[in-house]
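Chain residues, written in single-letter form:
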Amino acid sequence: MRRSTTESRALQIILIAVALLFLAFFLALPLVAVFGEALKAGFGPFLDAVTAPDALSAIKLTLLIAAISVPLNVVFGVAASWAITKFKFPGKSLLISLIDLPFSVSPVVSGLIFVLLFGANGWFGTWLAEHDLKIIFAVPGIVLATVFITFPFVARELIPLMMEQGKDEEEAAISLGATGWQTFRHVTLPNIRWGLLYGVLLCNARAMGEFGAVSVVSGHIRGETNTMPLHVEILYNEYDFVGAFAVASLLAGLALVTLVAKTVLEWRFNLHGSARH
Amino acid sequence: MIRVQNVTKTFGDFAALHGIDLEIKPGEFVALLGPSGSGKTTLLRIIAGLEFQDGGEVLFDGEDVSSRSVGERQVGFVFQQYALFKHMTVAENVAFGLSVRRKGRPPKADIRARAEELLRLVQLDGLGKRYPGQLSGGQRQRVALARALAIEPRLLLLDEPFGALDAKVRKDLRRWLRGLHETMGLTSIFVTHDQEEALELADRIVVMDHGRIEQVGTPEQVYMEPASPFVSNFVGETNQLPGGIHVRPHDIDLVASGGIPVVVDNVFRRGGSWRVEGRIEGHDRVVEFDVNAASPAPTLGDTVRIQPLRERQFHKRRL
């Protein structure tokens, strides 16, 4: 066996130890603390906290927001990736930059954009008020902000993947008489399914966890427009630490589930990828 | 009858094809031969309908198909990297063209039978349940062919069909494809940059360079009577002697007196002859020629005299 690196054994140990310490301090410790604080007063108070009416309504709202914005972004993301990777058209690089925009803009600013557009004093504010439509400080606003924030996840995952796969298989399918939909359904979709699932997973995690943009447009109305992250903040500000950490632990649990699912997907993904060559 | 009339194509600033005219008769096996960037693949893709020309027409049996999509033209296209559907079995790949049909789709059992029949035709019977990833390069190539043939194409188009295969497999497949073309009575066009492949397989060769057709002719014509210096250089080996004279290495004889004096730089055996590399005395021009190996090999550094037996002279073209 040949050594692949030239670093001394001691240096290797030091480097690994530093990495582990860092991980423990910044990732493991907070996670443990969240669960620890949540269960500090025992399981009963924990259960009470997460089943309180306001908590339940926050959980329901969070699930509803994710259930609306994730499918929307799957459709947008797949359509954008398909257009970008399989066709030539003017303005393509601009579209690619636009897709990245939500990543480069502060979430608070993203939220403010929607307030500016649809708020009471916003561009469409008067018109919306006349028609008795409520977007800001209501569920539609939260959905808009969440869709905006999570837009890049699916597209970012799919574009490199579809770029790498090229368009030979799609061309083969249409040359054999398949329609655009048949080509997508039977050829493209099976080729991108793992990448797509991965993107959906990340998109979902962010949709449920988003704080900044949602905080701006939600108005923090208890039992109405509070999502889980907002609810955590409110409870914490009211010194209800058990309640805050109990709800936070649900979000942390979601993160853990996402992490495991992501690892499983990555494993499947690579397996699939290496079988191609 | 496939007819290409005055077809032009540009990609941005790059003119890929300048006014191409070409006719392909039923049953012909035609090679589009040229270096990379010559426009041969673009022409093939325009004939297929995978790319659309900026000007000119493509006619199938007198009917203008220029605005028809590839699916409507009923052409079989074999991609360079085969483009097999990796998540489908071999049999599903072959059956794809029939199973996506919306009008007149045959019953499932018929599709299956047809796929099996095609796999037998390409000598892959029994491999229908495998996935493309489990096949060798030559087998994948034949799956791609069977898949293209399943739709009973009126024209078979192949993009560098042997490009991704190793030398031995390539040779076998070439011969087999030629046989298949004949037994099935296909009309086929294939793109290649390999002159040997074009000379061996095609009924007619279309030599292309820089988006223009340099010559169309039988392999014999293209090899023996190249229409331009480019063709002479690209198809077969050529020496360029002073005065625009092109001569093949095997069309040179050694003579005792007269002829052109050449200093011998290198000699090696190539089959039944010596391949001699040398320089024309006084010029720095390299020439290569063959000497029958029954005679002794010329000595390095000696000056020998050569006489072209068959030559072609090209005058500088006016542009």
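Residues numbered from 1 in each chain as written. Chains lettered and ligands numbered in written order. Predicted model: local features only at pLDDT ≥ 70, side-chain atom pairs only at ≥ 80, totals over all residues. Heavy atoms only, no water.

- Chain A carries the name Sulfate transport system permease protein CysW in an unreviewed UniProt entry, which gives Novosphingobium barchaimii LL02 as its organism.
- If you open the UniProt record of chain A and go to Function (unreviewed entry), you find "Part of the ABC transporter complex CysAWTP (TC 3.A.1.6.1) involved in sulfate/thiosulfate import. Probably responsible for the translocation of the substrate across the membrane." (UniProt positions renumbered as here; feature names shortened; annotations may be inferred.)

**Let's talk about the overall build of chain A**
- Along its length, chain A carries twelve helices and zero strands.
- Projected onto its principal axes, the C-alpha positions of chain A cover 70 × 60 × 30 Å.
- Among the 277 residues that make up chain A, the fraction classed as buried is 40%.
- The long-range share in chain A, meaning contacts at least 24 apart out of those at least 6 apart in sequence, stands at 72%.
- Counting every atom, chain A has about 15,200 Å² of accessible surface; 72% of that belongs to carbon and sulfur. (Helix = DSSP H or I, 4+ residues; strand = E, 2+ residues; numbered from the N terminus. Buried < 20%, exposed > 50% of the residue type's maximum accessible area, 1.4 Å probe, protein only. Contact = heavy atoms within 4.5 Å. Areas by Shrake-Rupley, 256 points an atom, 1.4 Å probe, with all protein chains shown as cover.)

**As for the domain arrangement of chain B**
Residue and element names in this part refer to chain B.
- Here chain B is described as being made up of domain 1 (2-229) and domain 2 (244-313).
- Its C-alpha centre places domain 1 at a distance of 40 Å from the equivalent point of domain 2.
- Interface area for domain 1 against domain 2, summed over the two sides, is near 530 Å², with a carbon-plus-sulfur share of 46%.
- Among the residues domain 1 hides against domain 2, the three largest losses belong to Tyr 223, Met 224 and Pro 226. Together they make up 76% of the total.
- Taken together, the links from domain 1 to domain 2 amount to zero salt bridges. (Domains from an automatic or database assignment. Buried area = accessible area lost by both parts, 1.4 Å probe. Salt bridge = Lys/Arg side-chain N within 4 Å of Asp/Glu carboxyl O.)

**Details of the side chain of Ser 66 of chain B**
All names here are of chain B.
- Relative to the helices and strands, Ser 66 is located in the loop between β5 (63-64) and α2 (70-73).
- A distance of 3.1 Å separates the side chain of Ser 66 from the backbone nitrogen of Val 58, its partner in a polar contact.
- A polar contact of 2.6 Å, which involves the side chain of Ser 66, links it to the side chain of Asp 64.
- If we ignore the near neighbours within four places in the chain, the residues touching Ser 66 are Phe 52, Gln 53, Gly 56, Glu 57, Val 58 and Arg 73. (Polar contact = N/O pair within 3.5 Å; in protein donor to acceptor, adjacent residues only side chain to side chain.)

**Structural notes on the UniProt feature "transmembrane region" (unreviewed entry) in chain A**
- According to UniProt, the positions carrying the feature "transmembrane region" (unreviewed entry) are residues 12-35, 55-82, 94-123, 135-155 and 241-261 of chain A.
- What you have in residues 135-155 of chain A is 81% helix and 0% strand, and the ends, taken at the C-alpha atoms, are 26 Å apart.

**With respect to a nonpolar patch on the surface**
- On the surface, a nonpolar cluster with roughly 870 Å² of combined accessible area is contributed by Ile 16, Leu 20, Phe 22, Leu 23, Phe 25, Phe 26, Leu 27 and Leu 29 of chain A.
- Checked against the element boundaries, Phe 22 of chain A lands in helix α1 (residues 9-38). (Patch = residues over 30% accessible without salt bridge, like charges linked within 9 Å, V, L, I, M, F, W, Y side chains within 5 Å.)

**Re the sheet that holds strand β12 (residues 245-247) of chain B**
Residue and element names in this part refer to chain B.
- Taken in spatial order, the three strands make up an open sheet running β11-β12-β18, and their pairing is antiparallel. A single partner strand is all that each edge strand has here, and the edge strands are β11 (239-241) and β18 (312-313).
- When β11 meets β12, the two strands line up antiparallel, connected through three bridges. Bridging from a neighbouring strand, Leu 241 pairs with Ile 245 of β12. (Pairing = 2+ DSSP bridges.)

**Here's the deal with the environment of Ala 155 of chain A**
All names here are of chain A.
- By the secondary structure assignment, Ala 155 is in helix α7 (residues 139-165).
- Sequence separation of Ala 155 and Asp 100 is 55 residues, and the distance between their C-alpha atoms is 9.3 Å.
- With residues near it in sequence (within four places) discarded, Ala 155 still touches Gly 77, Ser 81, Ile 99 and Pro 160.

**Notes on the interface of chain B and chain A**
- On the chain A side, the residues contacting the 24 residues of chain B number 20 residues.
- When the two sides are added together, the surface that chain B and chain A hide from each other amounts to roughly 1,900 Å², 63% of it contributed by carbon and sulfur.
- Counting across the chain B and chain A interface gives two salt bridges.
- The salt bridge involving Glu 169 of chain A is made with Lys 86 of chain B; its shortest N-O contact spans 2.4 Å.
- At the junction of chain B with chain A, the criterion picks out four residue pairs in polar contact (both at pLDDT 80 or more).
- Along the lines of polarity and charge, the residues of the side of chain B that touches chain A split into 14 nonpolar, five polar and five charged. (Nonpolar A, V, L, I, M, F, W, Y, C, P; charged D, E, K, R; others polar.)

**Quick word on the pairing of strand β1 (residues 2-11) of chain B**
Residues and elements named next belong to chain B.
- Here five bridges tie β1 to strand β4 (residues 55-60), and the two strands are oriented antiparallel to one another. Its bridge partner being in β4, Gln 5 is matched across the sheet by Glu 57.
- Pairing geometry for β1 and strand β2 (residues 14-24), over seven bridges, is antiparallel. If you follow Val 7 over to β2, its bridge partner there is Ile 20.

**With respect to α1 of chain A**
- In this model, α1 of chain A (30 residues) spans 41 Å end to end at C-alpha, consistent with the 44 Å of a helix rising 1.5 Å per residue.
- Considering bend angle alone, the principal kink of α1 of chain A is centred on Ala 24 of chain A and spans about 40 degrees. (Expected span 1.5 Å × (residues − 1). Bend = angle between axes of the 7 residues up to and from the residue.)

**Let's talk about the nonpolar core**
All names here are of chain B.
- In terms of nonpolar packing, the biggest core is built from 44 residues, with Leu 145, Leu 156 and Ile 205 touching the most fellow members.
- Counting residues per element, this core draws most heavily on helix α5 (residues 137-149), at six residues.
- In this structure Ile 205 touches Ala 31, Leu 33, Ala 198, Leu 199, Gln 215, Val 216, Gly 217, Pro 219 and Val 222, once residues within four positions along its chain are discounted.
- Val 7, Leu 44, Ile 47 and Val 70 belong to the second-largest nonpolar core, a separate cluster that totals 39 residues. (Core = buried A, V, L, I, M, F, W, Y, C linked by side-chain atoms within 4.5 Å.)

**Focus: the confidence of the model for chain A**
- Here chain A shows a mean pLDDT of 88. Residues at 70 or above account for 95%.
- At the level of individual helices and strands, chain A shows its lowest average pLDDT in helix α12 (residues 241-275) of chain A, which scores 81, and its highest in helix α8 (residues 168-175) of chain A, which scores 94. (pLDDT = per-residue confidence, 0-100.)

**Some points on the pattern of salt bridges**
Residue and element names in this part refer to chain B.
- For the structure on display, the rule yields 27 salt bridges over all chains.
- Across the salt bridge formed by Arg 114 and Glu 117, the nearest N and O atoms sit 3.2 Å from each other. Separated by three residues within a single helix, Arg 114 and Glu 117 lie in helix α4 (residues 108-121), roughly one turn from each other.
- Looking at Arg 114, the relative accessible area reads 19%, which means it is buried.
- In this structure, Arg 275 and Glu 237 form a salt bridge, with 3.0 Å as the shortest nitrogen-oxygen distance. Within this pair, whereas Arg 275 is found in strand β15 (residues 273-280), its partner Glu 237 is found in the loop between α9 (229-234) and β11, the two being separated by 38 residues in sequence.

**Comments concerning helix α5 (residues 107-118) of chain A**
Residues and elements named next belong to chain A.
- Between its first and last C-alpha, α5 extends 17 Å over twelve residues, near the 16 Å set by a 1.5 Å rise per residue.
- Taken as a whole, α5 has its buried residues at Ser 110, Gly 111 and Phe 114. Looking straight down α5, one finds that the buried residues subtend no more than 100 degrees of arc, so they occupy a single side.
- Contact partners of the buried residues in α5: α7 and α10 (212-218). (Arc of directions from axis to C-beta.)

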